[in-house]
Each structure stands twice: as C-alpha cells, then as structure tokens.
Amino acid sequence: MYDHQIRYVRMNQPHPAQVTPSWYGDSVGHYEGDTLVIDTVGFKVGKYSMVDWYGTPHTEALHVVERYRLLDAAAAKDGFDRDAKQHNVAMGAKANPQGKFLQLRFTVEDKGVFTTPWTATMTYRISPNDWEEQACAENIYWYSGKEADVPRATKADF
C-alpha cells in the first residue's frame, strides 16, 4: 500500500541454501487447507532495522511465519473485540463481497533478540477507502517524526 513496495513470495518452493539478505527477506509460501502460510528468513540488518513501529531491533536470525485465512463474521468479531481492548482497532467496517474478513496470525523468532518466539494476530476489514494509493518520493519523516537518513539531492539533477 505504501510507496509501491513489493514483496515476492515463491510458492511451494524451499528457501535457497544460501539466502542473500534483503529488507523483506526471502519468502516462500504454501497452503495448509484454507490457510496461506508464508515463511520468511534472510532479513537484512541495518541502521533502521526493526520488527515493529516501536523500534524493536532484530538480527540476522530473524524468522517470521505468517498465516493468512478468511473468517466469517462471527469468527472475525472475536478478533475485532480483542483488538479493541488493545486500542488497535482495524480500519473499515465491512466484509469483502463474499462476507469474509482477513486474519493474519504471525510468529516472530530471533534468538539474537528474544528469549522465546512470540505470536500476534490481526483481523482486517475492507478499508473505507478501498486501499487508497499513497505515493511518496522521499519519506523523511517515517521514524517517529524525526528526520531519517534518506539520501536526497541538495540541488536538482535536471
């Protein structure tokens, strides 16, 4: 949704023996019944590397497993109620045209940072703006209102 970023997920394939680290890591996926499972390793570590918006760092050992599935309204309500208790209310208010909501359950493990793997769940609704496009050439204010070290020209190139 942001800045035309793309993550590729190779389906029904293993990770390569030697993964070249990248910002989105190396992702492979497969289906377990009606659940899409995406396994990602090989994340690049840099000055602003983090696993969340709170600045939690990670190491080369970061491993993330995502599980995506569609829920009916009754099952989604449990997720929305739980999210509301954490003040993390999903945007939107309606299901997809088939009456379904999207649930993401992900597990994060990184022996270099965490003492144990942890899991979180988010339940999504259709956005009231239907995934409004956002584009930005230089997002220098991404990090908590502080200017980031984004390379930029001091004078125009043309």
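Colleague: Mind laying out helix α1 (residues 73-85), listing which residues take part and the relevant values?
Modeller: Under the 1.5 Å per step criterion, the end-to-end length of α1 is 18 Å for 13 residues, consistent within 8% with the ideal 18 Å. Every buried residue of α1 is accounted for by Ala76, Gly79, Phe80 and Asp83. Projection of α1 onto a plane perpendicular to its axis shows the buried side chains occupying an angular sector of 100 degrees, all on one side. Turned more than 90 degrees from where α1 packs its buried face, Ala74, Asp78 and Lys85 sit exposed. Elements in contact with the buried residues of α1: β4 (63-71), β5 (101-109) and β6 (118-124).

Colleague: Go over the pattern of salt bridges with me, naming the residues and quoting the values.
Modeller: Applying the stated criterion to the full structure yields three salt bridges. Between Asp26 and Arg10 there is a salt bridge whose closest N-O contact spans 2.8 Å. Residue Asp26 is located in strand β2 (residues 26-32), and its partner Arg10 is located in strand β1 (residues 9-11); the two are separated by 16 residues in the primary sequence. Residue Arg10 is classed as partly exposed on the basis of its relative accessible area, which comes to 28%. Here Arg67 makes a salt bridge to Glu32, at a shortest N to O gap of 3.0 Å. You can see Arg67 sitting in strand β4 and its partner Glu32 sitting in strand β2, a full 35 residues away along the chain.

Analysis parameters
Residues numbered from 1 in each chain as written. Predicted model: local features only at pLDDT ≥ 70, side-chain atom pairs only at ≥ 80, totals over all residues. Heavy atoms only, no water. Helix = DSSP H or I, 4+ residues; strand = E, 2+ residues; numbered from the N terminus. Expected span 1.5 Å × (residues − 1). Buried < 20%, exposed > 50% of the residue type's maximum accessible area, 1.4 Å probe, protein only. Arc of directions from axis to C-beta. Contact = heavy atoms within 4.5 Å. Salt bridge = Lys/Arg side-chain N within 4 Å of Asp/Glu carboxyl O.

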